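Survey of secondary and tertiary structure
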Amino acid sequence: MGLGVQGAVYRLLSTACERARQTSGSHRWWRDLPAAWRGQVVEPIAFRVYREPDLAAERVFGRDEDGQVCFYAHRYLRPLGKPGRAAAQGERVSAWRLIDQRWLIHRVPIYGEELAGRGFYTFSASPPV
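Below: a short report on this structure.

A few points about the overall build of the chain
- A tally of regular secondary structure across the chain gives one helix and six strands.
- Along its sequence from the N terminus, the chain presents helices and strands in the succession α-β-β-β-β-β-β.
- By residue count, 37% of the 129 residues in the chain fall in the buried class.
- Of the roughly 8,100 Å² of accessible surface on the chain, 51% is carried by carbon and sulfur atoms.

Put into structure tokens, the structure is as follows:
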């Protein structure tokens with residue numbers, strides 16, 4: 001039995017609040033980064049988190065020692081259809097700047113009742129900002 005949209009939004013908000021507390025000293029920026037790529041990314045040392053609880057959304061920017069963005073993440077979830085129906089749409093994205101200046105992007109679409117899409121990786125010349 002699913003939690004429905006309200007339960008899913010509550011879970012997303014509570015984890016966003018947990019992440020916000022964790023970002024005061026550090027952020028789990030490596031969470032979706034494949035281990036084989038860990039040595040190829042520019043590591044962030046400072047983070048800025050923007051949250052919008054009314055929209056169940058969060059955006060994170062990680063910066064390197066020169067103040068340049070080297071990590072980016074966003075997450076959002078919005079209900080679809082009529083109130084009370086367990087349907088939602090959203091996205092979870094993490095991106096890392098590689099030492100060769102390309103970006104490795106991990107995208108997880110969120111559809112329907114299960115709220116867990118299948119993630120995939122792509123490369124880009126620019127961050128998904």
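Overview of the pairing of strand β1 (residues 46–52)
- With seven bridges connecting them, β1 and strand β2 (residues 57–63) associate as antiparallel partners. Note on β2: the bridge partner recorded for Glu52 is Ala57.
- Hairpin connection, β1 to β2: the antiparallel pair is bridged by four residues, and Ala56 has positive phi, about 50°.

Some words on the side chain of Ser94
- Turning to its location among the elements, Ser94 is positioned in strand β4 (residues 88–97).
- By relative accessible area, which is 3% here, Ser94 ends up buried.

Quick notes on unusual backbone geometry
- Of note in this structure, Gln101 is not a glycine but carries a positive phi near 80°.
- Counting through the fold element by element, Gln101 comes out in the loop between β4 and β5 (103–112).

The rules we used
Residues numbered from 1 in each chain as written. Predicted model: local features only at pLDDT ≥ 70, side-chain atom pairs only at ≥ 80, totals over all residues. Heavy atoms only, no water. Helix = DSSP H or I, 4+ residues; strand = E, 2+ residues; numbered from the N terminus. Buried < 20%, exposed > 50% of the residue type's maximum accessible area, 1.4 Å probe, protein only. Areas by Shrake-Rupley, 256 points an atom, 1.4 Å probe, with all protein chains shown as cover. Pairing = 2+ DSSP bridges.

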